[in-house]
Amino acid sequence: MTAIQKAIAINTGGGDAPGLNAVIRAVVLSATNLGWSVYGIRRGYQGLFEEDGVVDLTRDTVRGITHLGGTILGTTNRGNPLSWPVESEDGTVQLVDRSDEVLEEFRRRELDALIAIGGDGSLQIAAALSEKGLPVVGVPKTIDNDLAATQVTFGFHTAVATATDAIGRLHSTAEAHGRVMVVELMGRTAGWIALYAGVAATADIILIPEIPYHLDALCAKINERYETGPGFAIVVAAEGALEAGGSHTFLEHSEHSQTGESARLGGIGEKLARQIAERTGHETRSLVLGHLQRGGEPIAYDRLLALRFGSAAVELVRDGCFGCMVALRPPEVLAVPLSEAVAKIKLVPLDGDLVRTARNIGISFGDE
Ligand code: F6P
């Protein structure tokens, strides 16, 4: 019996994460081993609407990319085909639905399936396209680790390693100058990166969106550090951290309303540093680690997870299992419905082992 030849497409959407290239390589090698052709769509879905925006992916094009950060296909968080920004002649931007054109392009190019690698937003797009009849398999990606259907996403542990290293380095200056150092980490509305890196790097205070903080409690902990000996303090704040009864802090300069993107969180570190200095009188500095958390080579764990996800995605296409996403449910990588995968965000459980560990070793969440 001869195997059925397929032509499949792959794209990467949303923010980049270490491990994207490893997924692409695993997809291309697994699929070409089945005799299939693989095409890469550049910058999310954008490439479908551009000349030269869809490229052949072969063994040669994916050679030596497993360890590389970023994505050889490029990505965007402005490329939602269901809500596509189009500039009119008067300069205003309208959001239009181009999803039918996506399906039409797949038919025109005789593509049998799409492997869509992305986070929450990109997987919601994949789920909507799947509902409209596009044969899609999703691959979860985000440094934020906030997708509930998979135990972990690739990129997360690399971001944690980068953040842990950075916080470790801040200890030197904090101690040498007797300062409070506040470091703002990514994670959107989930505190996973801040919690993991904060505990691993022994921060004194970790502020996460799941546990709203009280400024009084936070400053009391800082004062205690000065009164009882160490004479410095490290505060790790997730970008989504918020005061009890307060709201999230957003970046001022964000064009999101024009482009269909979500508003960008940011600024909590600087705000806290000002408040801490005012209230405690201790010299305080803040730092935003920002996109350094998304850059660089994936650590071995993320490379392996990404390769496993890419290989599993091709198996699902082979088996005709569409409208689903690969997920890590140890010890296996298996398929979950895309609708389930995008139904809810995974937040840090308040009674979880890592929160308890942090409290047991004297780390404050600024709540008591
Ligand atoms: O979702 C990944 C992430 O890095 C978030 O942690 C952060 O809020 C956001 O993307 C930043 O997006 P951008 O790259 O558009 O600044």
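Quick caveat: nothing in here was measured; it's all calculated off a predicted structure. (Residues numbered from 1 in each chain as written. Predicted model: local features only at pLDDT ≥ 70, side-chain atom pairs only at ≥ 80, totals over all residues. Heavy atoms only, no water.)

**A short note on the domain arrangement of the protein chain**
As assigned here, the protein chain comprises domain 1 (7-154 + 298-341) and domain 2 (158-295). With 17 residues of domain 1 at the contact, the number on the domain 2 side is 17 residues. Interface area for domain 1 against domain 2, summed over the two sides, is near 1500 Å², with a carbon-plus-sulfur share of 49%. Across the domain 1-domain 2 interface, the total number found is four salt bridges. A salt bridge links Asp16 to Arg294, with the nearest nitrogen and oxygen atoms 2.8 Å apart. Between domain 1 and domain 2 we count five residue pairs in polar contact (both at pLDDT 80 or more) in total. (Domains from an automatic or database assignment. Contact = heavy atoms within 4.5 Å. Buried area = accessible area lost by both parts, 1.4 Å probe. Salt bridge = Lys/Arg side-chain N within 4 Å of Asp/Glu carboxyl O. Polar contact = N/O pair within 3.5 Å; in protein donor to acceptor, adjacent residues only side chain to side chain.)

**Regarding helix H2 (residues 99-108)**
Burial in H2 covers these residues: Ser99, Val102, Leu103, Glu105 and Phe106. Considered in projection along H2, the buried side chains sweep an arc of 160° and stay on one side of the axis. Facing away from the buried side of H2, by more than 90 degrees, are the exposed residues Asp100, Arg107 and Arg108. Glu110 sits one or two positions beyond H2 and adopts a positive phi of about 55°. (Buried < 20%, exposed > 50% of the residue type's maximum accessible area, 1.4 Å probe, protein only. Helix = DSSP H or I, 4+ residues; strand = E, 2+ residues; numbered from the N terminus. Arc of directions from axis to C-beta.)

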